[in-house]
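Examining the three-dimensional arrangement
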Number of protein chains: 2
Amino acid sequence: MQIAVLLFERMTALDAVGPYEVLSRLPGAETVLVAERPGPVRNEVGSLALLAEASLADVTAPDVLVVPGGPGQAALMDRGPLRDWLRAVDARTSWTASVCTGSLLLAAAGLLTGRRATTRWLAADRLAPLGAVPVDQRVVFDGKYVTAAGVSAGIDMALALAGRIAGETTAQAIQLGHEYDPRPPYAAGSPATAPPAVVAALRDRREAILR
Amino acid sequence: MQIAVLLFERMTALDAVGPYEVLSRLPGAETVLVAERPGPVRNEVGSLALLAEASLADVTAPDVLVVPGGPGQAALMDRGPLRDWLRAVDARTSWTASVCTGSLLLAAAGLLTGRRATTRWLAADRLAPLGAVPVDQRVVFDGKYVTAAGVSAGIDMALALAGRIAGETTAQAIQLGHEYDPRPPYAAGSPATAPPAVVAALRDRREAILR
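Chains are numbered independently. Their residues run from 1 in the order of the written sequence. Both sets of labels track the order of writing: A upward for chains, 1 upward for ligands. The predicted origin of the model limits local features to residues at a pLDDT of at least 70 and limits the giving and counting of side-chain atom pairs to 80 or more, whereas totals for whole chains, interfaces and linings rest on all residues. Only hydrogens and water are set aside; all other atoms, that is, all heavy atoms of the structure, feed into the side-chain values.

Brief notes about the sheet that holds strand 2 (residues 30-35) of chain B
Residue and element names in this part refer to chain B. A pair of strands counts as paired when DSSP detects no fewer than two bridges linking them. Numbering of helices and strands runs from the N terminus, with a helix taken as a DSSP run of H or I at least four residues long and a strand as a DSSP run of E at least two residues long. Taken together, the seven strands give an open sheet; going across it, the order is 5-2-1-6-7-11-10, and neighbouring strands pair in mixed fashion. Single-partner strands in this sheet number two, and they are strand 5 (54-55) and strand 10 (139-142). Judged from the four bridges that link them, strand 7 (residues 95-99) and strand 11 (residues 145-148) form a sheet pairing that is parallel. Bridging from a neighbouring strand, S98 pairs with T147 of strand 11. Note on contacts: a residue pair qualifies if any of its non-hydrogen atoms lie within 4.5 Å across the two residues. Angular values range over 0 to 180 degrees, each being the angle between N-to-C directions of two axes fitted as lines to C-alpha atoms, with helices fitted over their stretch in contact. The strands that helix 4 (residues 153-166) touches are strand 6 (64-67), strand 7, strand 10 and strand 11; relative to strand 7, the one it contacts most, it runs at about 165°.

Re unusual backbone geometry
Positive phi, normally seen in glycine, also occurs at C100(A), with a value near 60°. With respect to the helices, strands and loops of the structure, C100(A) is situated in the loop between strand 7 (95-99) and helix 3 (102-108). One non-glycine residue, E179(B), adopts positive backbone phi at about 45°. Assignment of secondary structure puts E179(B) in the loop between helix 5 (168-177) and helix 6 (196-204). Relative accessibility decides the category of a residue: with a 1.4 Å probe and only protein chains considered, values under 20% of the type maximum give buried, values over 50% give exposed, and everything between is partly exposed. Residue classification places E179(B) among the buried residues on the basis of a relative accessible area of 9%.

Examining the domain arrangement of chain A
Residues and elements named next belong to chain A. Domain assignment breaks chain A into domain 1 (2-180) and domain 2 (185-211). Centre-to-centre, using C-alpha coordinates, domain 1 lies 23 Å away from domain 2. Each side of the interface is counted separately: domain 1 has ten residues, and domain 2 has nine residues. For any pair of parts, buried area is found by adding up, for both, the accessible area (1.4 Å probe) each one loses once the two are put together. Carbon and sulfur atoms make up 57% of the surface buried where domain 1 meets domain 2, a total of about 970 Å² over both sides. When the buried surface of domain 1 facing domain 2 is broken down by residue, W121, L122 and R126 rank first, second and third, together holding 63% of it. Salt bridges, as used here, are contacts in which a Lys or Arg side-chain nitrogen is within 4 Å of a carboxyl oxygen on Asp or Glu. Summed over the shared surface of domain 1 and domain 2, the result is two salt bridges. In this entry, domain limits derive from an automatic or database-based domain assignment.

As for the pairing of strand 10 of chain B
All names here are of chain B. Neither face of strand 10 is left uncovered, since the one carrying V139 and F141 and the one carrying V140 and D142 both have all their residues buried. As defined by bridge partners, strand 10 adjoins strand 11 across four bridges and the pair is classed as antiparallel. Bridging across to strand 11, V140 finds its partner in T147. The antiparallel hairpin formed by strand 10 and strand 11 contains two residues in its connecting segment, where G143 sits at a positive phi of about 60°.

Some points on helix 6 (residues 196-204) of chain A
Residues and elements named next belong to chain A. Every buried residue belonging to helix 6 is among V198, V199 and L202, and all of these are buried. All buried residues of helix 6 project into a common sector of 100° when viewed along the axis, lining one side. Those residues of helix 6 that are exposed and angled more than 90 degrees off the buried face are P196, A197 and D204. Directions from the helix axis toward the C-beta atoms define the arc.

Some remarks on the packing of aromatic side chains
All names here are of chain A. What counts as a ring pair is set by centres within 6.5 Å for rings of Phe, Tyr and Trp (its six-membered ring), and what kind of pair is set by the plane angle: stacked under 30 degrees, edge-to-face over 60, tilted for all other angles. Scanning all chains against the criterion turns up two aromatic pairs over all chains. Judged by centre distance (5.9 Å) and plane angle (85°), the ring pair of W95 and F141 falls under edge-to-face. Here W95, found in strand 7, pairs with F141, found in strand 10 (residues 139-142); they are 46 residues apart in sequence, far enough to count as distant. Side by side, W95 and F141 carry an identical accessibility label, which is buried.

Considering the interface of chain B and chain A
Interface size is commonly expressed as the accessible surface area that is lost when the partners come together. With 62 residues of chain B at the contact, the number on the chain A side is 62 residues. In total, about 5300 Å² of surface goes out of reach between chain B and chain A, with carbon and sulfur atoms giving 61% of it. If you sort the residues of chain B by the area they bury against chain A, L176(B), E179(B) and Y186(B) come out on top, with a joint share of 15%. The interface formed by chain B and chain A contains four salt bridges. Where E53(B) meets R42(A), a salt bridge forms, and the shortest distance between an N and an O atom there is 2.8 Å. Here the side of chain B that touches chain A takes eight residues from helix 5 of chain B, the largest share from any one element. By residue class, the composition of the side of chain B that touches chain A is 32 nonpolar, 18 polar and twelve charged. Three classes are used: nonpolar for Ala, Val, Leu, Ile, Met, Phe, Trp, Tyr, Cys and Pro, charged for Asp, Glu, Lys and Arg, and polar for all others, with Gly counted as polar.

A few points about the sheet that holds strand 5 (residues 54-55) of chain A
Residue and element names in this part refer to chain A. Strand order in this open sheet of seven strands is 5-2-1-6-7-11-10, and the pairing throughout is mixed. The open sheet terminates on both sides in strands that have one partner only, identified here as strand 5 and strand 10. In this fold helix 1 (residues 13-23) packs onto strand 1 (2-6), strand 2 (30-35), strand 6 (64-67) and strand 7, with an angle of close to 155° to the strand it touches most, strand 6. Helix 4 (residues 153-166) contacts strand 6, strand 7, strand 10 and strand 11 (145-148) of the sheet and is inclined by roughly 165° relative to strand 7.

In structure tokens:
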């Protein structure tokens, strides 16, 4: 079972590494980090690079595709080669997944038309113009498509997907192996629970954050 | 404020990337991935490499040090150059942190002697022989030392540390930016809550998992 995790410049690293960490532990998983060109791919902070070991042309039929998000997504919405690749590999996947604004890339490629999907909360209004049906949930399954909300939601998404692929017991073993028993120090992880001033501050910086 | 995240062969990627993702967003943060040698550093699965951009010699006085864990830790316990570096930089840090079995590296360097600390649950019995005082908590602060339990606990640790460094509001903004409102699909993240058969299966594979 090949699991392809897309990398692109100015991605958010945890969007890719969270699902990678979970899905790479599935029995029989062969995970590949893929980008337009092999080599280091840098995150939006600039101080972290993941190594892509395959180019788009090298990965033609993954069983599972994971598309992360991050500010670099904005520059890729009209990028023909990437869009063509997303469409071509999606035609052969068993599961197509995204984290954060990765769902906007899937939607821009026409893969989420009429489908229920989610993205990071700051970008929620960008799904409908791309043809998807926005759902305010952390993880949204619609057929073989599974989309996650912002950044850390990719871990929840990948565990749920692991359960669908390999069964509950295997997913639970992966969860226990990663000791995923989260205890956030603050109740600030969603706009519904974070202090209003914190939510307002992020909303004010929205355009800068998304680009 | 320089934040150094140590990388080593056969580390667990999320141990490093979880805290990186949080701490790199602190105001004034300059984050550096450091390893014995610059270049790609591979995780224990083998299909993911992070790029170290500095060698140990390049990083002499970080304000914050983060030491991840992973099976590769076992081979480093007696490694003189790394131990010397840990001692030297720890002498200048404001905070020294670890995730998962990274605390065993700190302890082996003599930095946790008599201090309360944690590690991943499967390795909990390895802290006391190294002079630390094991505590069954997800995140343990003792003076400037902060240790986290397995893998994903590094995210909770880093948010708590962000709060100590930059205040609650900044930490909450980082949490909201990463939409860290976890919803694990199973109650399987700790040996206290996971199904007994899942816990037993991991215990049976303990030596293989830790090496």
